[in-house]
Amino acid sequence: MDTMTITSAWVAGWTVSRGTPPAVVQPWGWRIDVGLPTHVFRHVLPAPDAVSVGKLCQEITEPHAWLKVMAGPEEVAEWITPGWTVPDDPGYMMWKPLDAGARAPAPEGYARTTETRDGVIRVRIVAPDSTLAARGQIAPTGATAVADQIETHPGHRRRGLGANVMRTLEAAAAQAGAATGVLSATRDGLALYDTLGWRYTCPLTGIVRDA
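The paragraphs below set out a description of the structure included in this document. (Residues numbered from 1 in each chain as written. Predicted model: local features only at pLDDT ≥ 70, side-chain atom pairs only at ≥ 80, totals over all residues. Heavy atoms only, no water.)

## Considering the pattern of salt bridges
Here's step 1: Scanning the model with the defined rule gives five salt bridges in all.
Here's step 2: In this structure, Asp33 engages Arg31 in a salt bridge whose closest nitrogen and oxygen atoms are separated by 2.8 Å.
Here's step 3: For Asp33, a relative accessible area of 34% puts it in the partly exposed group.
Here's step 4: On the accessibility criterion, Arg31 (25% relative accessible area) is partly exposed.
Here's step 5: As a salt-bridge pair, Glu115 and Arg117 come within 2.6 Å of each other at their nearest N and O atoms.
Here's step 6: Glu115 gets classed as partly exposed once you look at its relative accessible area, which sits at 39%.
Here's step 7: Among the residues examined, Arg117 registers a relative accessible area of 39% and is labelled partly exposed. (Salt bridge = Lys/Arg side-chain N within 4 Å of Asp/Glu carboxyl O. Buried < 20%, exposed > 50% of the residue type's maximum accessible area, 1.4 Å probe, protein only.)

## Observations concerning the nonpolar core
Here's step 1: Judged by nonpolar contacts, the single largest core of 27 residues is most densely connected at Ile138, Met166, Leu183, Tyr193 and Trp198.
Here's step 2: When residues of this core are traced back to their parent elements, those giving at least two are β6 (91-97), β8 (120-126), β9 (132-141), β10 (144-152), α4 (161-175) and β11 (180-185).
Here's step 3: For this core, the element with the highest residue contribution is α4, accounting for eight residues.
Here's step 4: Setting aside residues no more than four positions away along its own chain, Leu183 makes contact with Tyr92, Met93, Met94, Ala147, Met166, Tyr193 and Trp198. (Core = buried A, V, L, I, M, F, W, Y, C linked by side-chain atoms within 4.5 Å. Helix = DSSP H or I, 4+ residues; strand = E, 2+ residues; numbered from the N terminus. Contact = heavy atoms within 4.5 Å.)

## What to know about the pairing of β6
Here's step 1: By the criterion of burial, β6 is predominantly enclosed, with six of the seven residues buried.
Here's step 2: Sheet topology places β6 next to strand β12 (residues 199-209); five bridges connect them, and they run antiparallel. Within β12, the position partnered with Met94 by the bridge is Tyr200.
Here's step 3: Pairing between β6 and β11: six bridges, direction antiparallel. Directly across from Met94, in β11, lies its bridge partner Leu183. (Pairing = 2+ DSSP bridges.)

## Brief notes about the layout of surface pockets
Here's step 1: One number sums up the size of the largest pocket: a volume of about 1200 Å³.
Here's step 2: Lining the largest pocket are 38 residues, with Ile150, Thr186, Asp188, Gly189 and Tyr193 positioned closest to its centre.
Here's step 3: Elements represented by at least two residues in the lining of the largest pocket include exactly α1 (3-18), β3 (39-45), β4 (66-69), β10, α4, β11, α5 (187-195) and β12.
Here's step 4: Among the elements that take part in the lining of the largest pocket, β10 stands out by supplying six residues, more than any other.
Here's step 5: For the lining of the largest pocket, a count of residues per class yields 16 nonpolar, 12 polar and 10 charged. (1 Å grid on protein atoms, 1.4 Å probe; cavity = no way out; pocket = protein on both sides within 12 Å on 5 of 7 lines; lining within 4 Å. Points joined across faces, edges and corners; volume = space filled by probe spheres on them. Nonpolar A, V, L, I, M, F, W, Y, C, P; charged D, E, K, R; others polar.)

## Some thoughts on the pairing of β10
On a regular strand, each side chain points to the face opposite its neighbour's, so the side chains alternate between the two faces of the sheet.
Here's step 1: For β9 and β10, the ladder comprises seven bridges, and the chain directions are antiparallel. The residue bridging Ala139 from the neighbouring strand is Val146, located in β10.
Here's step 2: Connecting the antiparallel pair β9 and β10 is a turn made up of two residues, with Gly142 showing a positive phi of about 85°.
Here's step 3: Across three bridges, β10 lies against β11 in parallel orientation. Within the sheet, the bridge partner assigned to Ala145 lies in β11 and is Gly181.
Here's step 4: Assessed by its sense of winding, the connection that carries the chain from β10 through α4 to β11 is right-handed. (Right-handed = clockwise from strand over helix to strand, strands pointing away.)

In structure tokens, the structure reads:
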């Protein structure tokens, strides 16, 4: 998938996954009103450059506003103006063809549940002591589906739970009619997604307006 296609799919699915209003198209990309105290809104730029990023940085004064740009952090750091910060953890846009048969059995000793609510498929894996061990969700929006908020709790890592969540989400989204999965990976999640067949497309850097 090219950068514009993967970004458009990610924006559509992310808004469904997070329960925000639909994204608003702008000349440089999209605006999403997130509505959280530390994430008021975000602008997504699929084809950023020094001029577009610098202009937005000058115009936006609200604390905790975000820009999400498809470029590397080193490049972006040269474009921003004072009052903006590039967080330490870079992001990676990825995609893969979804397989309806990817679902694996629940991990031994754990219980897994899958539910769909408000258009979002949610998977939870619970430990024998009934505490949450791993979770994730995916939002199908037609032919694409965006995986989001994939998390394995520290005491349960390196047991295949993250892979199990991802395979379960993939199968469920494919069965719901989606053909392609999209996600934004962190540095910690990159290796997992790579082993599961997700393909890197472009960098993703977040920029936040200081409080």
